[in-house]
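One letter stands for each residue in the lines below.
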Amino acid sequence: MDTSPTERTRADARRFYQQLNRALQTGDLALLDEVIAPDAVDHNPVPGMKPGLAGIKAAFAEGRLAFPDLVFTVEDVIAEGDKAACRLSTRATHRGTFQGVPATGRQVRETGIDILRFTRGKVVERWGEFDTLGLLAQLGFAPR
């Protein structure tokens, strides 16, 4: 049975986060080649992130140093055409330096929203907002 472009986009979004979790769990960031275009644009990059897939991989590699057990959970996906809005939560343990904050060993949870645009099953653009201030508060480095 044929699926609509919107249904394909919804499935692509879920597949993206499944593959991202596999890459983070195994440390094999080459797995991201299957779900992110080489010239993908992140409109809300982490500070200092280089452009494209290489920059995205480097950012996740650095993130794994601080949060080696990071897991994304897709709470909701709303899709239309080639874009998907994803409500996400993450959980992780702070085991390395993050934004100048030394490891605390604390388990943390963060929530956020990503909007992803897909072409041929791969992310080509991302817009995202995560509650980093809330994360820093959980680590004891920002007011609650």
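Scroll up a little and you will see the structure.
Nothing here was measured: the structure is a model prediction, and the numbers come from that model.

Participant: Describe in detail the environment of Glu-34, supporting the description with residues and values.
Facilitator: By the element assignment, Glu-34 lies in the loop between helix H1 (5-26) and strand S1 (36-42). The spacing of Glu-34 and Gln-19 is 15 residues in sequence and 8.2 Å in space, taken between C-alpha atoms. Non-local contacts of Glu-34, meaning those with residues more than four positions away in its chain, are made with Arg-15, Gln-19 and Lys-122.

Participant: Quick one: what's the story with the pattern of salt bridges, residue by residue and with numbers?
Facilitator: Scanning the entire structure with this criterion turns up seven salt bridges. Between Arg-117 and Asp-82 there is a salt bridge; the shortest N-O distance is 3.6 Å. Of the two residues, Arg-117 sits in strand S4 (residues 107-119) while Asp-82 sits in the loop between strand S2 (71-80) and strand S3 (83-93), which places them 35 residues apart along the sequence.

Participant: Summarise the pairing of strand S5 (residues 122-130); cite the residues concerned and give the values.
Facilitator: Note: S1 against S5, three bridges, orientation parallel. From the neighbouring strand, Ile-36 faces S5, where its bridge partner is Val-123. Across eight bridges, S4 lies against S5 in antiparallel orientation. Paired with Arg-117 across the bridge in S5 is Glu-125. Counting the residues in the hairpin turn of S4 and S5 gives two residues, including Arg-120, whose phi is positive at 50°.

Participant: A description of H1 should follow, citing residues and the corresponding values.
Facilitator: Each full turn of the α-helix corresponds to 3.6 residues, which orients residues three or four apart in the same direction. Taking 1.5 Å of rise per residue, 22 residues should cover 32 Å, and H1 covers 31 Å from first to last C-alpha, within 8% of that figure. Inspection of H1 places Thr-9, Asp-12, Ala-13, Phe-16, Tyr-17, Gln-19, Leu-20, Asn-21, Ala-23 and Leu-24 among the buried residues, and these make up the whole buried set.

Participant: Explain the sheet that holds S1 residue by residue, including any values.
Facilitator: Across the sheet, five strands lie side by side as S1-S5-S4-S3-S2; this open sheet has mixed pairing. The open sheet terminates on both sides in strands that have one partner only, identified here as S1 and S2. With direction set aside, neighbouring strand axes in the sheet form an average angle of 25°. Pairing between S2 and S3: nine bridges, direction antiparallel.

Here is what the cut-offs are and how they apply
- Residues numbered from 1 in each chain as written.
- Predicted model: local features only at pLDDT ≥ 70, side-chain atom pairs only at ≥ 80, totals over all residues.
- Heavy atoms only, no water.
- Helix = DSSP H or I, 4+ residues; strand = E, 2+ residues; numbered from the N terminus.
- Contact = heavy atoms within 4.5 Å.
- Salt bridge = Lys/Arg side-chain N within 4 Å of Asp/Glu carboxyl O.
- Pairing = 2+ DSSP bridges.
- Expected span 1.5 Å × (residues − 1).
- Buried < 20%, exposed > 50% of the residue type's maximum accessible area, 1.4 Å probe, protein only.
- Axes fitted to C-alpha atoms, helices over the stretch in contact; angles between N-to-C directions.

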